[in-house]
Amino acid sequence: QVQLVESGGGLVQPGGSLRLSCAASGFTFSSYPMRWYRQAPGKERELVARISSAGGSTNYADSVKGRFTISRDTAKQTMYLQMNSLKFEDTAVYYCYAAVSGGYWGQGTQVTVSS
C-alpha cells in the first residue's frame, strides 16, 4: 500500500533553515507528481510546492518562492523540501502528497518558527 512518512520538522529561529523529507513506498515513485502542503491553525491548507514525476518541473507558492526548494530522489524514494530564511509566517503543519489515483497524504510534520 502507499505510504508517505514525513520527518524533519521542528523548532527553528527566524532566518534559520530546515529540510523536510517524505519517504515514499508502495508505488512507482518516479511515475507520479508530488506536492508539499502546509496548514496553519484556523487557515486553509495551502499548496506550497509541487514537482513533476521526473523532477524537471517545479512550482512554488509566491509566499515561499526563492526561499524553499522542492526536490526528489528516485533512488531513495524520497521527496524533500529545503526551507531557508524561515519566517514566523511559515509556522504550520507540513504535509506531503502523492498524486497517485485518489491521492495520498503523509501524516504531517510540525514546523514552528519562533524566537
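Reading the values: rules and limits
Residues numbered from 1 in each chain as written. Predicted model: local features only at pLDDT ≥ 70, side-chain atom pairs only at ≥ 80, totals over all residues. Heavy atoms only, no water. Salt bridge = Lys/Arg side-chain N within 4 Å of Asp/Glu carboxyl O. Buried < 20%, exposed > 50% of the residue type's maximum accessible area, 1.4 Å probe, protein only. Helix = DSSP H or I, 4+ residues; strand = E, 2+ residues; numbered from the N terminus. Core = buried A, V, L, I, M, F, W, Y, C linked by side-chain atoms within 4.5 Å. Contact = heavy atoms within 4.5 Å. Pairing = 2+ DSSP bridges. Phe/Tyr/Trp six-rings, centres within 6.5 Å; stacked < 30°, edge-to-face > 60°. Lys NZ or Arg CZ within 6 Å of the ring centre and 35° of its normal.

> What's the story with the pattern of salt bridges in this structure? I'm lost.
Side chains that carry opposite charge are capable of pairing whenever their charged atoms lie near each other. Following the criterion strictly, the structure yields four salt bridges and no others. A salt bridge links Asp62 to Lys65; its shortest N-O distance comes to 3.3 Å. For Asp62, a relative accessible area of 67% corresponds to the exposed category. Among the ionic pairs, Asp90 bridges to Arg67, the shortest N-O distance being 2.7 Å. Separated by 23 residues along the polypeptide, Asp90 in the loop between strand S8 (78–83) and strand S9 (92–98) and Arg67 in the loop between strand S6 (58–60) and strand S7 (68–73) bring together distant segments of the chain. The network of salt bridges with shared partners includes Arg38, Glu46, Arg67 and Asp90.

> I would appreciate a short explanation of the nonpolar core in the present structure.
As a rule of thumb, soluble globular proteins bury nonpolar side chains together. Core analysis: the largest hydrophobic core is formed by 29 residues, its most contacted members being Phe27, Met34, Trp36, Met79, Leu81, Met83 and Tyr94. Sorting the residues of this core by element identifies strand S3 (18–25), strand S4 (34–39), strand S5 (46–51), S7, S8, S9 and strand S11 (109–113) as the ones contributing at least two each. Phe27 has contacts with Val2, Leu4, Tyr32, Met34, Gln77, Ala98 and Val100, leaving out every residue within four places of it along the chain.

> What exactly am I supposed to notice about the pairing of S7 here?
The side chains of a regular strand alternate, residue by residue, between the two faces of the sheet. Covered by surrounding structure in S7 are Phe68, Ile70 and Arg72 only, the residues Thr69, Ser71 and Asp73 on the alternate face being uncovered. Connecting S7 to the next strand, S8, in antiparallel fashion are four residues, including Gln77 with a positive phi near 55°.

> Please clarify how the packing of aromatic side chains should be interpreted in this entry.
Each aromatic ring pair is described using two quantities: the centre-to-centre distance and the angle formed by the ring planes. Enumeration over the complete set of coordinates arrives at six aromatic pairs. For the pair Phe27 and Phe29, a centre-to-centre distance of 6.3 Å together with 50° between the ring planes defines the contact as tilted. Overall, the relative accessible area of 13% leaves Phe27 in the buried class. A ring pair is formed by Phe27 and Tyr32, whose centres lie 5.9 Å apart and whose planes are at 70°; its orientation type is edge-to-face. Chaining the aromatic ring pairs together yields one cluster made of Tyr37, Tyr95, Tyr97 and Trp105. Taking NZ or CZ as reference, Arg45 lies 4.6 Å from the ring centre of Trp105, over its face. Residue placement shows Arg72 over the ring face of Phe29; its charged tip is 4.3 Å from the ring centre.

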